[in-house]
Amino acid sequence: MDEKAILDRINEFIEEEHGLRQAHERAETTNAEAQDRLRRLEVALDQCWDLLRQRRARMAAGQNPDEAEVRPAGEVENYLQ
């Protein structure tokens, strides 16, 4: 995935997240249903942001950005900030 595709995916996930939050506020979804999907979206967003950072770091280091790979959810979610 190139940078544009990653950013497009991030924007899609953000739009879905906003839609879910609005639907939840209007009581159009169950709490458990919305919370489950929101959690999966958060993980997917974290993976996308991580992939984007990897690609940019590889480019800055003169390496091939296409060699960056999506890291497992458990790895990305356990980063210390």
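Refer to the structure above for everything that follows.
This write-up is about the structure you can find in this document. Source: prediction; values computed, not measured.

## With respect to the pattern of salt bridges
Next, step 1: For the coordinates displayed, the defined rule picks out 11 salt bridges.
Next, step 2: Put simply, Glu 3 and Arg 56 hold a salt bridge, and the shortest N to O gap is 2.6 Å. Remark: Arg 56 occurs in helix 2 (residues 31-60) and Glu 3 occurs in helix 1 (residues 3-25); sequence separation between them is 53 residues.
Next, step 3: Its relative accessible area of 25% is what places Glu 3 among the partly exposed residues.

## Quick word on the side chain of Arg 55
Next, step 1: By the secondary structure assignment, Arg 55 is in helix 2.
Next, step 2: Contact partners of Arg 55, with chain neighbours within four places excluded, come to Met 1, Asp 2, Glu 3, Ile 6, Pro 65, Asp 66 and Ala 68.

## Quick word on the nonpolar core
Next, step 1: Membership of the largest hydrophobic core is limited to 12 residues, which are Ile 6, Ile 10, Phe 13, Leu 20, Leu 38, Leu 41, Ala 44, Leu 45, Cys 48, Leu 51, Leu 52 and Ala 68.
Next, step 2: Elements with a contribution of two residues or more to this core: helix 1 and helix 2.
Next, step 3: Here this core gets seven residues from one element, more than from any other, and that element is helix 2.
Next, step 4: Residues contacting Phe 13, with those up to four places away along its chain left out, are Leu 41, Ala 44, Leu 45 and Cys 48.

Quick notes on the rules
- Residues numbered from 1 in each chain as written.
- Predicted model: local features only at pLDDT ≥ 70, side-chain atom pairs only at ≥ 80, totals over all residues.
- Heavy atoms only, no water.
- Salt bridge = Lys/Arg side-chain N within 4 Å of Asp/Glu carboxyl O.
- Helix = DSSP H or I, 4+ residues; strand = E, 2+ residues; numbered from the N terminus.
- Buried < 20%, exposed > 50% of the residue type's maximum accessible area, 1.4 Å probe, protein only.
- Contact = heavy atoms within 4.5 Å.
- Core = buried A, V, L, I, M, F, W, Y, C linked by side-chain atoms within 4.5 Å.

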